[in-house]
Amino acid sequence: VDGARLLLSSNLTLSGRPNIAPETSGQGTVENYSFFCFQDITDIDDYVKSVLVETWASSAESAMQFLSEAVGATDASEEERETSKEWLKLLAPFLFGGLFH
């Protein structure tokens, strides 16, 4: 998620191409994005940013697979299933949005 947000906050599409459509969500700057792995964009170096951006799609796809399995797992607690559902709701828009970039 952080890699996708880094791309979007840099006015790039989720495939890394320049975004020609203006940002309409009101979150067009890095400062307006909240991240999960770090609090501020300056907390990570350029290498970490590059890796997050390059691997966001495969990381999100793997996470979707594991989270989907957790939702259907009979040995998972109700809390684990609900938490997995919440993460799925967060990840799905990025994956589907990336299909069109």
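Reference entry: report on the structure contained in this document. (Residues numbered from 1 in each chain as written. Predicted model: local features only at pLDDT ≥ 70, side-chain atom pairs only at ≥ 80, totals over all residues. Heavy atoms only, no water.)

1. Here's the deal with the nonpolar core
With twelve residues, the main nonpolar core is built from Val1, Ala4, Leu7, Leu8, Trp56, Ala60, Met64, Leu67, Leu88, Leu91, Ala92 and Phe94. Looking at this core, the elements that each hand over two or more residues are helix H1 (2-9), helix H2 (46-72) and helix H3 (78-99). Sequence-distant contacts of Leu88, defined by excluding residues within four places in its chain, comprise Met64, Leu67, Ser68 and Val71. (Core = buried A, V, L, I, M, F, W, Y, C linked by side-chain atoms within 4.5 Å. Buried < 20%, exposed > 50% of the residue type's maximum accessible area, 1.4 Å probe, protein only. Helix = DSSP H or I, 4+ residues; strand = E, 2+ residues; numbered from the N terminus. Contact = heavy atoms within 4.5 Å.)

2. Overview of H2
Between the first and last C-alpha of H2 there are 38 Å, a value that for 27 residues agrees with the 39 Å anticipated at 1.5 Å per step. If you look at H2, its biggest bend is around 60°, right at Thr55. A side-chain oxygen of the first residue of H2 lies 3.2 Å from the backbone nitrogen of Tyr47; this N-cap is Asp45. (Expected span 1.5 Å × (residues − 1). Bend = angle between axes of the 7 residues up to and from the residue. Polar contact = N/O pair within 3.5 Å; in protein donor to acceptor, adjacent residues only side chain to side chain.)

3. Some remarks on the layout of surface pockets
Size it by volume and the largest pocket reaches roughly 200 Å³. For the largest pocket, the lining is made up of 13 residues, of which Val1, Asp2, Cys37, Ser59 and Leu91 are closest to its centre. Those elements giving two or more residues to the lining of the largest pocket turn out to be H1, H2 and H3. The dominant element in the lining of the largest pocket, judged by the number of residues it contributes, is H2, at six residues. Classifying every residue of the lining of the largest pocket gives nine nonpolar, three polar and one charged. (1 Å grid on protein atoms, 1.4 Å probe; cavity = no way out; pocket = protein on both sides within 12 Å on 5 of 7 lines; lining within 4 Å. Points joined across faces, edges and corners; volume = space filled by probe spheres on them. Nonpolar A, V, L, I, M, F, W, Y, C, P; charged D, E, K, R; others polar.)

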